[in-house]
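Fold and geometry: a report
Next come the chains, spelled out residue by residue.
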Amino acid sequence: MESYVKELMRLGAEQGVSLATLTSMRVGGEAALALCPKDEQTLIEALRLCGEAGLPLMVLGNGTNVIASDKGYEGLIICLNKPWFAPIYRGRRVRVSAGMPLSAFILDNLAHGLRGLERLYGIPGSVGGACAMNAGAYGGEIADCLRSVRALERGEPLELAVQREDMGYRKSPFSFPNRIVLEAEFELEPDDGSAEALLQDCAKRRRDKQPLEFPSAGSTFKRPEGHFAGALIEQCGLKGRRIGGASVSNKHAGFIINDRNATAEDVERLIELVRSTVLDKTGVLLECEVRRI
């Protein structure tokens, strides 16, 4: 195992990296190893080494929908949170690296006179993460414009056409561990002059309604059929409910925030309190949207 660790460090991996620094909730212990690959070949080599060593592996983008355990992670965290190349525009088609921040990509589209993803502006994740979970907001989602994905499957790069019927609410066929998004291609529309106003409107709604001033993992729960998670939680009198350093946001009950140096245990206990209370009072079982490390 020691020789594999040395090889991973030769690729740029670091030891003992705080998971709180890699995730937007800002909780978690240490990862044994963390690597931000400089290119596709480095990523493929890291996957090969982990497979040969039997080392556990987790892939993150910006870590914005993740809760990391206080116990840390005994394997390798791969962070795809930096673009390997600038977006490539060919008419209405644009190819973008998985590590590019989604909001930066949307602004770049506008600078090139294209629109289509403005409703997603302000989502803090990466393009790759947005593709993996079919990110959506305010009536729009990644699948609206996504046409193909270049991804690793069992360590091999594949170009995969997007089938609209495979893209669902917060799910896609491009998520880890089955696949790792490398690049994505979008088909956009010429900006008719409305894109900037829509972007600014969605950004304002997000600022006004969401607790962006505190660390969180974004919306904690999926939208239950026929309901809104935040409304159910508020209806149950849980706004402001606290366990340790974690609380249900007073601004939007669908968010659990880290406003007093929370631990992952604080967050997890509060999630379970919310779920059990909502189930008991409304009969609706909330499903978590966040992933765990």
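Just above, that's the structure.
Quick caveat, the model's predicted, so the values are computed rather than measured.

It is worth spelling out the overall build of the protein chain at this point. Secondary structure assignment for the protein chain yields 7 helices and 19 strands. In summary, the protein chain has a C-alpha radius of gyration of 19 Å against a globular reference of 19 Å for 293 residues, a match within 12%. Taken along its principal axes, the extent of the C-alpha atoms in the protein chain is 55 × 50 × 30 Å. Taken over 293 residues, the protein chain has a buried fraction of 52%. Carbon and sulfur atoms make up 48% of the accessible area of the protein chain, which totals about 13600 Å². Separation between the mean location of the 37 positive side-chain charges and that of the 39 negative ones in the protein chain comes to 4 Å.

According to the stated counting rule, one finds 1 aromatic pair in the structure shown. Their ring planes at 45 degrees and their centres at 5.3 Å tell us that Phe105 and Phe186 sit as a pair that is tilted. Here Phe105, found in helix H3 (residues 102-111), pairs with Phe186, found in strand E13 (residues 180-187); they are 81 residues apart in sequence, far enough to count as distant. As far as the burial class goes, Phe105 and Phe186 line up, both buried. Over the face of the ring belonging to Tyr169 we find Arg223, whose NZ or CZ atom lies 4.7 Å from the ring centre.

Here we come to the sheet that holds E13. Pairing is antiparallel in the open sheet, where 5 strands are placed in the order E6-E7-E13-E11-E12. Where the open sheet ends on each side, the last strands, each with one partner, are strand E6 (88-90) and strand E12 (156-161). Within this sheet the neighbouring strands show an average axis-to-axis angle of 15 degrees, counted without direction. Pairing analysis gives 3 bridges linking E6 to strand E7 (residues 93-97), with the strands arranged antiparallel. Within E7, the position partnered with Arg90 by the bridge is Arg93.

For the rest of this paragraph, the subject is unusual backbone geometry. Residue Pro177 follows Phe176 across a cis peptide bond; omega there is 15 degrees. Within the secondary structure layout, Pro177 lies in the loop between E12 and E13. Positive phi outside glycine occurs at Arg170, with the angle close to 60 degrees. Following the sequence through the fold, Arg170 ends up in the loop between E12 and E13.

Any empty space left between the atoms is revealed when a probe the size of a water molecule rolls over them. Roughly 190 Å³ of volume is contained in the second largest pocket. Along its surface, the second largest pocket is lined by 17 residues, and Arg115, Gly116, Leu117, Glu118 and Cys145 are the ones closest to its centre. Elements with a minimum of two residues in the lining of the second largest pocket: strand E10 (140-141) and helix H5 (195-209). Here the residues of the lining of the second largest pocket are counted per class, giving 6 nonpolar, 3 polar and 8 charged.

Scanning all chains against the criterion turns up 0 disulfides. Summary of cysteine pairing: Cys79 is not part of a disulfide, and the nearest cysteine sulfur, belonging to Cys36, is at 4.2 Å. Between Cys145, a cysteine without a disulfide, and Cys131, which holds the nearest cysteine sulfur, the sulfur-to-sulfur distance is 11 Å.

This part takes up the sheet that holds strand E17 (residues 246-248). Spatially, E15-E18-E17-E16 is the arrangement adopted by the 4 strands of the open sheet, whose pairing is antiparallel. Strand pairing shows two members of the sheet lacking a second neighbour, strand E15 (216-219) and strand E16 (242-243), which therefore form its edges. Pairing geometry for E17 and strand E18 (residues 255-258), over 3 bridges, is antiparallel. By the bridge assignment for E18, Ala246 is matched with Asn258. Strands in contact with helix H7 (residues 264-282) are E16, E17 and E18; relative to E17, the strand with the most contacts, it is inclined by about 25 degrees.

Rules used in this analysis
Residues numbered from 1 in each chain as written. Predicted model: local features only at pLDDT ≥ 70, side-chain atom pairs only at ≥ 80, totals over all residues. Heavy atoms only, no water. Helix = DSSP H or I, 4+ residues; strand = E, 2+ residues; numbered from the N terminus. Rg over C-alpha atoms; globule rule 2.2 N^0.38 Å. Buried < 20%, exposed > 50% of the residue type's maximum accessible area, 1.4 Å probe, protein only. Areas by Shrake-Rupley, 256 points an atom, 1.4 Å probe, with all protein chains shown as cover. Lys, Arg positive; Asp, Glu negative; His and termini not counted. Charge placed at Lys NZ, Arg CZ, Asp CG, Glu CD. Phe/Tyr/Trp six-rings, centres within 6.5 Å; stacked < 30°, edge-to-face > 60°. Lys NZ or Arg CZ within 6 Å of the ring centre and 35° of its normal. Pairing = 2+ DSSP bridges. Axes fitted to C-alpha atoms, helices over the stretch in contact; angles between N-to-C directions. 1 Å grid on protein atoms, 1.4 Å probe; cavity = no way out; pocket = protein on both sides within 12 Å on 5 of 7 lines; lining within 4 Å. Points joined across faces, edges and corners; volume = space filled by probe spheres on them. Nonpolar A, V, L, I, M, F, W, Y, C, P; charged D, E, K, R; others polar. Disulfide = S-S within 2.5 Å. Contact = heavy atoms within 4.5 Å.

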